[in-house]
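Residues per chain, in single letters:
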Amino acid sequence: MNFFDTLVSRQDMIQTAFLEHIYLSFVAVAIGIAIALPTGILIARYRRFAEPIIAVTAIFQTIPSLALFGFLVPLLGIGSPTALIALIIYALLPILRNTYTGITGVDGSVIEAGRGMGMTRTQILRQIELPLALPFIMAGIRTATVLTVGIATLATFVGAGGLGDIIYRGLQSYNNSLVLAGALPVALLAIGFDLILKWIEKRTTPKGLKL
Amino acid sequence: MIRFEGVTKQFPDGTEALKKVSLTFPSHQLTAIIGPSGCGKTTLMKMVNKLEKPTQGEIYIDEKPITDLEEVELRRKIGYVIQRIGLFPHMTIKENASLVPKLLGWPKEKTASRIQELMELTGLDPDTYLERYPLELSGGQQQRVGVVRALAGDPNIILMDEPFSALDPISREQLQDELRNLQQTIQKTIVFVTHDMDEALKIADTIVVMRKGQVEQIGSPAEILGNPANDFVRSFIGVERIQRQRPFGDKSLSEFIGLFKTEGTGSAHEVSGSLTVKEAFEVLEQSGQTHLAIRLGESRHVYAGERELLKAALAKEEGELV
Ligand SMILES: Nc1ncnc2c1ncn2[C@@H]1O[C@H](COP(=O)(O)OP(=O)(O)OP(=O)(O)O)[C@@H](O)[C@H]1O
Ligand SMILES: [Mg+2]
């Protein structure tokens, strides 16, 4: 069977897997942002905690993804929560690190000017640090998203669905067309997200910095 | 009035930036702090708005110890031009300049007209520059915006850390003159850090000479120039500049008419134009008046205060005479 016939005959299955895949990636990145962004802001303020916390997330990052899924199954059983937790763990580092470097990279004289003019810490964070760090933060989110879309193919091993299902089925049945029908959407998703987020990144770069 | 009492600052790494500094910045006057790089000028200045805290000693503003004052509130009432300019790159010039008025909750129209006025005063055309971003301005223009931003909230105390250092000599002189004129009308308490003795002599009511975290001498420009406290101050003023003063001190007032004011202010002590500059300093001091009325003809007078006499004493042969 050629590739296009496969696409047509397995359309429903592929579509479901595609949506599952987007769901997994999207939720993982969203929760990743919800955790890593505030943490990044906090460790930029209390810098003595920065090293150890970034180190911990970096260690998670070095665990091979298949192994991480493997670890989690005995603890959490199978299903999408397990897959989500693994994906969130991978999404943390890029967002955390970029938030931290983005904020700490803001020119000291600008912060001093803000303090000297009587801005509170929160005002400095909201009106100066975050706007100036935003391009970095967005770049971190973009990296995390592309990474997550790729790793989410492994969700199939914990029974959480996604395009990995299609690829895995194809591999088991030596059906290359089916493998491709799973892999190609993953690549397209990754590229698509990358482009969209790159566009947002550009949009969020403060106008005064684009000169 | 800002008063330092036995203020010592030791940084965590052991650097002692200030050693038992006691001094007063009088109200409504411009005090210049001058000294070599690293002598503690910036540190001293930052103590006033609590950006640095003393390890010992206390600072009083109008006799209230500043440890009792809430720092955010204190800073909003003190204009601050930082040494490295520090404009917010993501905000337009207008947004930069409006920041303190906004923090103070001023109505929009009041802020806008204030900024407009200050821009014009510092030689920046509001229509051209208000909507630009800092990176679209030259270094000198950015420094002017730094000054506008510091003055925007109409503070009573203004701290200026080498505010004109990035300017070319011509706009620098121009801004010095403008600051001087501005000060005459607004009468704020200004603390002005500089490296440049000519700048200090030109604009300051009082000069504080510092070295290695300590004050070497405090005095009016004339006192510093006429009576350097020690060799360090002497060498810092520049031997050349002191010598320049001598021969001209012996020239008569009538040779410097162009440097003097044509209009008098209230009570002035009348003297003859044949007085030497040096004598004029003495007469002025003894008279207790702020100005001398220098008689040139039957009913023609020019007027000179300490500042104008100083200009005469410093004037070079070329150009500056009429
Ligand atoms: N945060 C800091 N930690 C440690 N040492 C510091 C710190 N800030 C300043 N110093 C040191 O304190 C001394 C005084 O510094 P300060 O910035 O007040 O000098 P300055 O007179 O303003 O010099 P310049 O004319 O170069 O601006 C210097 O030796 C400097 O290295
Ligand atoms: Mg300095």
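Visitor: Go over the site of ligand 1, please, and point to the residues and values.
Guide: Residue and element names in this part refer to chain B. Taken together, 14 residues lie near ligand 1, and Ser37, Gly38, Lys41, Thr42 and Thr43 sit nearest. Between Gly40 and ligand 1, the recorded distance is 3.0 Å, taken from a backbone N or O atom to an oxygen atom. Separating an oxygen atom of ligand 1 from a side-chain N or O atom of Gln83 is a distance of 2.9 Å. Considering ligand 1 on its own, with 640 Å² of exposed area, one finds that the protein chains cover 65% of that surface. In terms of residue count, helix H1 (residues 41-48) provides more of the shell around ligand 1 than any other element does, three residues in total. Taken together, the residues that form the shell around ligand 1 break down as three nonpolar, eight polar and three charged.

Visitor: Requested: an account of a negative patch on the surface, with residues and values cited.
Guide: Residues and elements named next belong to chain B. A cluster of acidic side chains, namely Glu223, Asp250, Glu279, Glu282, Glu285 and Glu306, defines a negative patch on the protein surface. Broken down by element, the residue count for the negative patch peaks at three residues, all from helix H12 (residues 277-287). Note on placement: Glu306 falls in helix H13 (residues 306-314). With relative accessibility at 36%, the residue Glu306 sits in the partly exposed group.

Visitor: Tell me about the pairing of strand E10 (residues 214-219) of chain B, and name the residues and values.
Guide: Residues and elements named next belong to chain B. Examined bridge by bridge, strand E9 (residues 206-211) and E10 share five bridges and lie antiparallel to one another. By the bridge assignment, Val208 is partnered in E10 with Ile218. Count of turn residues in the E9/E10 antiparallel hairpin: two residues, of which Lys212 carries a positive phi of about 45°.

The rules behind each value
- Residues numbered from 1 in each chain as written.
- Chains lettered and ligands numbered in written order.
- Predicted model: local features only at pLDDT ≥ 70, side-chain atom pairs only at ≥ 80, totals over all residues.
- Heavy atoms only, no water.
- Near = heavy atom within 4 Å.
- Polar contact = N/O pair within 3.5 Å; in protein donor to acceptor, adjacent residues only side chain to side chain.
- Areas by Shrake-Rupley, 256 points an atom, 1.4 Å probe, with all protein chains shown as cover.
- Helix = DSSP H or I, 4+ residues; strand = E, 2+ residues; numbered from the N terminus.
- Nonpolar A, V, L, I, M, F, W, Y, C, P; charged D, E, K, R; others polar.
- Patch = residues over 30% accessible without salt bridge, like charges linked within 9 Å, V, L, I, M, F, W, Y side chains within 5 Å.
- Salt bridge = Lys/Arg side-chain N within 4 Å of Asp/Glu carboxyl O.
- Lys, Arg positive; Asp, Glu negative; His and termini not counted.
- Charge placed at Lys NZ, Arg CZ, Asp CG, Glu CD.
- Buried < 20%, exposed > 50% of the residue type's maximum accessible area, 1.4 Å probe, protein only.
- Pairing = 2+ DSSP bridges.

Fair warning: the whole summary comes from geometry, so function is off the table for now.
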